[in-house]
Amino acid sequence: MTRRHTLRHRLAITLALWLNRAQRRRLAGLLIALALAALVVAVLGASPWHVAELIFTGSFGTPNAAAYVIDAWVPLLFCAAALLLTFAAGMWNIGIEGQIVMGAVFATGALRLWGAILPPAAALAVAALAAILGGALWALLTGALRFWGNVNEIFGGLGLYFVANSLTVWLVLGPWRRAGIASTSGTEPFPPALWLPDCAGFPVGPVELLLALAAFVLVAFLLRGSHFGLRLKALGNNVEASARLGVPAVRQLCGAFVLAGGLAGLAGWTQVVGATSRHQLYPLISNGYGFLAIMVVLCAGFRPWRSLLIALAFAAIAMGSLQLALQLQLDSALGGVIQGLLVLGLLTARGWQWRQRKRKVWQWTR
Amino acid sequence: MQVELRGITRTFATLRAVDRVSLTIRPGVIHGLLGENGAGKSTLMKILAGYYRANEGTVAIDGEPVRFYSPEMAMDRGIGMLYQEPLDFPNLTVLENFRLGAPAGSALAARRLLCRLAARFTFTFDTDALVQTLSIGERQQLELLRLLARGVRVLILDEPTTAISAAQREKLFAALRQLAEEGNSVLFVTHKLAEAAAICSRVTVLARGRVTGEAPLPCPDATLVRMMFGHDLPRVAKPAVTAAQPRSCIRGLTVADRHLTVRELSLTVGAGEVIGLAGLEGSGQRLLLRAAAGLLPVAQGTITLDETVLTGRGYHDYLDAGVAYLPSDRLGEGLVAALTVAEHVALARRRHPLRIDWPSTLVAARTLIDEYQVKGTPETRVRELSGGNQQRLLLGLLPEQLALLLLEHPTRGLDIESSLAVWERLAARARQGTAIMFASADLEELCERSDRIIVFYAGQPTILAAADASVEKLGALIGGAGRAA
């Protein structure tokens, strides 16, 4: 008894020494979120340990499972990098899903036009540029609506997402439909020459992975060490004062949208030409990666390197929870529940910190 | 019901907004609370209304100390506040707004009560109209009735006449007089002398968070102005500027906002000249400064700088031409609270490569900190700096060469030492040939530091040489002496 007591105390003291206040709160938030997830699993009649084990082996248990995690990590990285920019500027780029879709549409269009004419490597590069253009255009439209039309970027982005999806359905059923088939399952798959290479049969695309990591490094540099990033941070904190200090606000914010849209467009490109993609355009091609990336960045508190790791964790949970359906007859949507709880737990922990600084109106009203 | 405030103090970070204020409000009296913007009037009233809590001091009702943790608690004890901007729900109807916060009851009873109260003060309402279709004055009347229906007997009005018509003002004043006659107390917060004289029977003057005087009305305007702006001190002679080459020319300038128009103002500011702008808050000083900085569209007239016409250009063109503007709301409009001193130094560089050169930026930040005696390090976040340090940082961030420097209350909230340091910097700028225009509520500062003074009264400027100015004379002009109101 005494031994356990001292052990517990020693653990508490060690934690207190290692972690500062904010980190302890974050840890507490994480633990509460995990406890809640365990509770949900237990209510569903499964053992939380077993579920955790399945998710882990489902994501990192075999080389192939790990490969699928990395495949999901790549678009998440592009999107998280994009969102880091717009969040730094204080903008809620909810329309990122639409930007992914438009990236995929433009990439498909470019390949249909030039895929047979250009050498494959050049065609893929042109498709990438087209995807950047498509995503950037869609994001710029959101920005233009915000700054000249006075439409909040959340609503503008959401509206444009629906437009992009409808456009995909029209293309898939109309001008780009497969010969002899009228179905929304997708356009004619591209020939293997127009696929990005995998690692000698191992289902991971090195090209897109390296590009995604490079994009991430670029954004981290922009935010940390460039005037562009500093100005975005300033605008995100106080538009009025930044403009007074000489920051060209609209040009700068539109720049953030264009860059973010370009990165999201690349995520769309990976969904069309990636080594493990379906190599075609199909409705809802964004696969929810944009929304998931919003959760990643929120969870990471808008910090680049944290986002990198949390994106990997989220990709692992998403892939690992596919095992739940196979092994336990639990719905794989449970993975989404766990992700959601993690986000809420961490955000609540941040809310506690915030509460100390500023009393909100609902905290002093009865 | 008698309300007493005893030794109330409220601080915001390093600013003492209200400093040991005591005040007694007797029943049946309309009590004025007079002071410049930033004097602490609204903060004090929000403490009484339960919106803020005091750091020190007590509120007592009929001799019994009370503590309010929310506006609702204050309202339960009969204290209600009409805020400067109406706090209502524009997309609800008049009746729905009236019933908000009231105990549950039938709609019919509420409608009857509203009609009865409205009739008492000869207000007319369409009870089913949406509040957004009402004028500000009518919304105020509705809020007044709502407070009365909640049993409020001490009514606080914070600058109630800012946005209402003259007819509505008369109606409001009549209602307030009626309320006072019925034994209620009214606290009337204003910075307008004429209004205080028209309605209050007693007035307390606040300046820099403290009570600087209390007087029964009527009372000479000069006495009140002296209480509001401080006392006459021996003058320090400022070296006169010899007729220098003109730097900024303003011709026939007309600018307007929702409340006020400044018409046909012409002014030439020479190199090294310092022009002071005097007047009650909202009399036109801010309009002139913001127009001269390129922040407000100009309705008529031209602004030229060193013979370049700038009228109609954007703010950033003004910046490039060498115009700078320091707003009085330093953290709201001047600095980015969450960024550090070094980040501000990097931000203020207008020509730059993509990459921030952090080592040289840190060196520049350290130089600025030494030179301007900012108490902090390059890594200090700006929100952790005190008001004086923020002001010195803003001055330090200004470009080396400036043609025209515009300042709004450059020493507001600063202690004497900081004020002197700020003026030392400004004088150095003037010696380099920068023309300076500053607005201030401190009449001594205006007399002491300016070459010429422009006094605004309701948008109308009077230009006088500093040699002809005295605190008394400025006070009279600010109060609108010799003009029709």
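Small disclaimer: the values here were computed from a predicted structure and weren't measured.

**Here we look at the overall build of chain B**
From N to C terminus, chain B includes 17 helices and 20 strands. For chain B, whose C-alpha radius of gyration is 25 Å, the value lies close to the compact-globule estimate of 23 Å for 485 residues. By principal-axis analysis of the C-alpha atoms, chain B measures approximately 70 × 50 × 45 Å. The buried share among the 485 residues of chain B stands at 53%. Here the analysis covers contacts within chain B between residues at least 6 apart in sequence; of these, 65% occur between residues at least 24 apart. Counting every atom, chain B has about 21,200 Å² of accessible surface; 52% of that belongs to carbon and sulfur. Within chain B, one finds 54 positive and 52 negative side-chain charges whose respective centroids are separated by 2 Å.

**A short note on the environment of B:Ala342**
Residues and elements named next belong to chain B. On the secondary structure map, Ala342 appears in helix α12 (residues 341–348). Expressed as a C-alpha distance, the spacing of Ala342 and Ala403, which sit 61 residues apart in the sequence, is 25 Å. Those residues in contact with Ala342 that sit more than four places away from it in its chain are Trp358, Thr361, Leu362, Ala365 and Pro378.

**Describing the interface of chain A and chain B**
Counting from both sides, the interface comprises 25 residues of chain A and, opposite them, 37 residues of chain B. With both chains or domains summed, chain A and chain B bury close to 2,600 Å², and 58% of this area falls on carbon and sulfur atoms. Interface area lost by chain A to chain B is led by A:His227, A:Arg244 and A:Leu245, which between them contribute 32%. The interface formed by chain A and chain B holds two salt bridges in total.

**Thoughts on the nonpolar core**
Formed by 202 residues in total, the largest nonpolar core has its most connected members in A:Leu76, A:Trp269, A:Phe314, B:Leu145, B:Leu176, B:Leu224 and B:Leu474. For this core, the element with the highest residue contribution is helix α4 (residues 63–88) of chain A, accounting for 16 residues. Non-local contacts of B:Leu224, meaning those with residues more than four positions away in its chain, are made with B:Leu34, B:Leu193, B:Val203, B:Val205, B:Leu217 and B:Cys219. B:Leu260, B:Ala403, B:Leu406 and B:Ile454 belong to the second largest nonpolar core, which has 31 residues in total.

**Some points on the pattern of salt bridges**
Under the criterion given, the structure shown has 21 salt bridges over all chains. As a salt-bridge pair, B:Asp19 and B:Arg210 come within 2.9 Å of each other at their nearest N and O atoms. Highlighted residues: B:Asp19 in strand β2 (residues 15–25) and B:Arg210 in strand β10 (residues 210–216), separated in sequence by 191 residues. A relative accessible area of 5% places B:Asp19 in the buried class. For B:Arg210, a relative accessible area of 44% puts it in the partly exposed group. One connected set of salt bridges, linked through shared partners, spans A:Glu240, A:Arg244, B:Arg286, B:Glu333 and B:Glu408.

**Quick word on the sheet that holds β10(B)**
All names here are of chain B. The strand order across the open sheet built from six strands is β6-β7-β8-β3-β9-β10, with neighbouring strands paired in mixed fashion. Of all strands in the sheet, those with a lone pairing partner are β6 (79–82) and β10, marking the two edges. Here the average twist between neighbouring strands, direction ignored, is 20 degrees. As paired elements, strand β9 (residues 202–207) and β10 share six bridges and run antiparallel to each other. Residue Ala207 lies in a different strand from β10, and its bridge partner there is Arg210. Strands in contact with helix α6 (residues 166–181) are β3 (30–34), β7 (154–158) and β8 (185–190); relative to β7, the strand with the most contacts, it is inclined by about 155 degrees. This element, helix α8 (residues 221–229), spans β3, β9 and β10 of the sheet and lies at about 30 degrees to β9.

Scoring rules and cut-offs
- Residues numbered from 1 in each chain as written.
- Chains lettered and ligands numbered in written order.
- Predicted model: local features only at pLDDT ≥ 70, side-chain atom pairs only at ≥ 80, totals over all residues.
- Heavy atoms only, no water.
- Helix = DSSP H or I, 4+ residues; strand = E, 2+ residues; numbered from the N terminus.
- Rg over C-alpha atoms; globule rule 2.2 N^0.38 Å.
- Buried < 20%, exposed > 50% of the residue type's maximum accessible area, 1.4 Å probe, protein only.
- Contact = heavy atoms within 4.5 Å.
- Areas by Shrake-Rupley, 256 points an atom, 1.4 Å probe, with all protein chains shown as cover.
- Lys, Arg positive; Asp, Glu negative; His and termini not counted.
- Charge placed at Lys NZ, Arg CZ, Asp CG, Glu CD.
- Buried area = accessible area lost by both parts, 1.4 Å probe.
- Salt bridge = Lys/Arg side-chain N within 4 Å of Asp/Glu carboxyl O.
- Core = buried A, V, L, I, M, F, W, Y, C linked by side-chain atoms within 4.5 Å.
- Pairing = 2+ DSSP bridges.
- Axes fitted to C-alpha atoms, helices over the stretch in contact; angles between N-to-C directions.

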